[in-house]
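Observations on chain architecture
Each chain is listed here by its residues.
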Amino acid sequence: MSPALEAVKAALTLFEFTVDDAARATYGHDESDMGDFLPDLIVFPRDTAQVKAVIDVCRQQGVPLTPVAGRSGKSGGSLPVQGGVSMSLERLNRVLAFNPADLTITVEPGVLLKDLQATVEAKGLFYPPDPNSAEWCTLGGNVAENAGGPRALKYGVTRDYVLGLEWVTPAGEVLKVGKQTMKGVAGYDLVGLFVGSEGTLGVATAITLKLLPLPRAVMTALLPFASVTDAAAAVSQVLLEGLLPRCLELLDDVAIAAIADRFPFPAGCGACIIAEVDGGSTEGVFAELTRLSEVASRCGALDTLLAQDRDQREKLWAARRLVSPSLRAVKKFKFSEDIVVPRSRVPEAIARFKQVGRELDLTVATYGHAGDGNLHTNVLYAGPHERPRVDQALARIMEITVELGGTITGEHGVGIAKKRFLSLELSPAVMNCQRNLKVFFDPQVLFNPGKIFPER
Ligand SMILES: Cc1cc2nc3c(=O)[nH]c(=O)nc-3n(C[C@H](O)[C@H](O)[C@H](O)COP(=O)(O)OP(=O)(O)OC[C@H]3O[C@@H](n4cnc5c(N)ncnc54)[C@H](O)[C@@H]3O)c2cc1C
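Since the model is a prediction, treat every value here as computed from it, not as a measurement.

With eight of nine residues buried, strand β14 (residues 271-279) is to be regarded as a mostly interior element. Taken together, the five bridges between strand β13 (residues 247-251) and β14 define a ladder with antiparallel strand orientation. When the bridges of β14 are listed, L250 appears paired with I273.

Here it is in structure tokens:
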């Protein structure tokens, strides 16, 4: 351990920390497939004062510091690429204030999303953002990545629900930004800046969220199609005809094949849409789903299989959540992208990504939140010998995305996974402005270094 790290360790004696090898291996890995980057030390603060103290000592000693939470991230944001200290926020996991009458809740960042959802739903309230990792991702990670999910189509993403933040900057200042009210425009929108800053501009230590009333009725249906082209066209048409379901998830042939042994897809199903509609009454929701079914049928849907109860709905969503892990059984390795294209370009995007796969002899799966144009295009591969072709495929997918007017990441963040593609999307002037913002908050560039921006 370097003298600087020894000094950090000595300063943290009153804190819970570990230098255990197994723990370092665990905290050096996330869901991005970007490799392992072991921290030298992991510290587990329990409150804002401890977070600030860790930040201060690391800055004073010149030691890199990286926030980490559920480690479900898919862009490598929590990986300490330059070693140093990983600061796990998992023990800041209390609900600080729950005000059902104001439709707000304030939580610490280590609260798991599934626990937050259960807490508010028990009071008839609703927190819509629903990344498919809800079982293990945290609100802090969601804020850092501006997480979305299937319901973003109707309800938007994390940023749309964050009213206020307690935020510790890399300089060790504890800021309270934003508001506790539904509206408020005093000063610059620092909440807007910090949400989605990928753990590079400081740490959220308290998060105030806006809630909604829980919809009284929800219905979910599986719509099988013969081809992914028909299914993708149906997604656009449904929205064009004035319907706004809360989810329109699409699974292509590769995704369906990956989970076919665990979910009974009907014969002839080469792609499908999972549609979910919510509202104030069962009759209204059923009427909307019926209209959706008619539109889809005109676009080639083979059937509309309506989940009959909560249990069947859950089985459908469980199948959807199985896609990502099951693709690893098809090929051991994969890169999971989260590009977004304008909705009308979804069919073209999917066709061109498949073409890239054929040309490079790689399996490309596409599934995800097609309703808002956000596609999880996965490039599957068997081992390192295929990496050069995989890298080529990823580059082509990003180029096609930007050419179609899209963005290289809709919810996973740039992290280390996509920084080599950032210049496809951001002009040099915008990139420079953003680098300047980073240096304004973190002049020593010690706070979660090596993320977002490509090396100069
Ligand atoms: C199976 C699966 C499905 C997924 N589905 C979705 C999906 O539908 N939608 C979606 O958006 N994402 C999805 N994800 C990606 C991932 O779950 C999200 O990015 C999530 O927000 C990460 O949260 P986490 O707690 O795991 O954070 P981590 O992975 O631990 O960290 C993510 C980033 O947050 C930073 N960070 C963590 N805590 C704080 C804090 N308190 N303050 C500041 N920065 C912090 C870290 O430094 C890092 O940069 C999925 C991932 C998996 C594995």
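The end-to-end C-alpha distance of helix α12 (residues 346-360), which contains 15 residues, comes to 21 Å, matching closely the 21 Å that a straight helix rising 1.5 Å per residue would cover. Its buried side turned inward, α12 meets α8 (228-240), β18 (363-369), β19 (374-381) and α13 (387-403).

A common way to express how large an interface is: the accessible area buried when the components associate. We note that the domain assignment places domain 1 (3-88), domain 2 (95-213), domain 3 (215-329) and domain 4 (331-418) within the chain. A C-alpha centroid distance of 22 Å is found between domain 3 and domain 4. On the side of domain 4, 19 residues touch domain 3, which itself brings 19 residues to the contact. Of all elements in the fold, only α8, β13, α9 (253-259) and α11 (310-330) reach the threshold of two or more residues within the side of domain 3 that touches domain 4. It is α8 that contributes the most residues to the side of domain 3 that touches domain 4, seven residues altogether. The residue makeup of the side of domain 3 that touches domain 4, split by class, is 13 nonpolar, three polar and three charged.

About the thresholds
- Residues numbered from 1 in each chain as written.
- Predicted model: local features only at pLDDT ≥ 70, side-chain atom pairs only at ≥ 80, totals over all residues.
- Buried ≥ 20, exposed ≤ 12 C-beta atoms within 10 Å, placed from the backbone.
- Helix = DSSP H or I, 4+ residues; strand = E, 2+ residues; numbered from the N terminus.
- Pairing = 2+ DSSP bridges.
- Expected span 1.5 Å × (residues − 1).
- Contact = placed C-beta atoms within 7 Å.
- Domains from an automatic or database assignment.
- Nonpolar A, V, L, I, M, F, W, Y, C, P; charged D, E, K, R; others polar.

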